[in-house]
Amino acid sequence: GPIEQLKTRVLEATLAGTALLTDDTDRTGRFWVEGEEFVTFSSLDAVPDVVASLLADPSRLEAIAGRARDRARGIALSNFWSGIDRGLRQRQLRPVLPSITA
């Protein structure tokens, strides 16, 4: 659609260790580094060339996927699950993360 937003599937894909390919030029780049942690394509017609380029360089493909996975782990804990817990606590429901007491 005409509105860009960070999609949960981006987080899921990178947590699973896949190399992320996306046409998103805004939201994903606010959390991951383009070219180092994800790769963009300009149209569906461009996807085969982007994929072929990555498959031709397995070490680059692995590095992109690994860096993205590391970044996703931090985002998943600090933003995703912590956000869910804030909502659960506000509703006086049991959180999914353990409480941290000082």
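The structure under discussion appears in the preceding block.
To keep things clear, this report deals only with the structure shown in the data block. (Residues numbered from 1 in each chain as written. Predicted model: local features only at pLDDT ≥ 70, side-chain atom pairs only at ≥ 80, totals over all residues. Heavy atoms only, no water.)

### Re the overall build of the protein
When you go through the protein residue by residue, the secondary structure sums to three helices and two strands. For the protein, the α and β elements follow one another from N to C terminus as α-β-β-α-α. The C-alpha radius of gyration of the protein comes to 16 Å, more than 25% above the 13 Å expected for a compact globule of 102 residues. Expressed as lengths along the three principal axes of its C-alpha atoms, the size of the protein is roughly 50 × 35 × 15 Å. (Helix = DSSP H or I, 4+ residues; strand = E, 2+ residues; numbered from the N terminus. Rg over C-alpha atoms; globule rule 2.2 N^0.38 Å.)

### Some details on the pattern of salt bridges
Taken as a whole, this structure holds four salt bridges when the rule is applied. Salt bridges linked by common partners bring Asp26, Arg27 and Arg30 together as one network. (Salt bridge = Lys/Arg side-chain N within 4 Å of Asp/Glu carboxyl O.)

### Here we look at unusual backbone geometry
Despite not being glycine, glutamine 92 has its phi angle at roughly 60°, a positive value. When you line up the elements, glutamine 92 lands in the segment after helix 3 (58–90).

### Observations regarding the nonpolar core
With nine residues, the main nonpolar core is built from Val10, Leu11, Leu20, Trp32, Phe38, Ala68, Ala72, Ile75 and Ala76. Considering each element in turn, this core owes the most residues, four residues, to helix 3. In contact with alanine 68, other than residues within four places in its own chain, are Thr14, Trp32 and Glu37. (Core = buried A, V, L, I, M, F, W, Y, C linked by side-chain atoms within 4.5 Å. Buried < 20%, exposed > 50% of the residue type's maximum accessible area, 1.4 Å probe, protein only. Contact = heavy atoms within 4.5 Å.)

### Structural notes on helix 3
The end-to-end C-alpha separation of helix 3 is 46 Å, in line with the 48 Å expected for 33 residues at 1.5 Å each. At alanine 76, helix 3 shows its maximal kink, close to 40°. Along helix 3, the residues that are buried comprise Ile64, Ala65, Gly66, Ala68, Ala72, Ile75, Ala76, Asp85, Gly87 and Leu88. Buried positions along helix 3 lie against helix 1 (8–15), strand 2 (39–40) and helix 2 (47–55). Remark: glutamine 92 follows helix 3 within two positions and exhibits a positive phi of approximately 60°. (Expected span 1.5 Å × (residues − 1). Bend = angle between axes of the 7 residues up to and from the residue.)

### Looking at the packing of aromatic side chains
Inspection of every chain in the model, using the stated rule, returns one aromatic pair. Both rings, one in phenylalanine 31 and one in tryptophan 32, keep their centres 6.3 Å apart while their planes meet at 55°; by these two values the pair is tilted. Residue phenylalanine 31 is classed as partly exposed on the basis of its relative accessible area, which comes to 32%. Owing to a relative accessible area of 2%, tryptophan 32 belongs among the buried residues under this scheme. (Phe/Tyr/Trp six-rings, centres within 6.5 Å; stacked < 30°, edge-to-face > 60°.)

### Quick word on helix 1
Val10, Leu11 and Thr14 are the residues of helix 1 that are buried. Summarising the axial view, the buried residues of helix 1 lie within an arc of 95°, below the 170-degree limit, and thus occupy one face. On its buried face, helix 1 is in contact with helix 3. One or two steps after helix 1, the chain reaches glycine 17, where phi turns positive at roughly 90°. (Arc of directions from axis to C-beta.)

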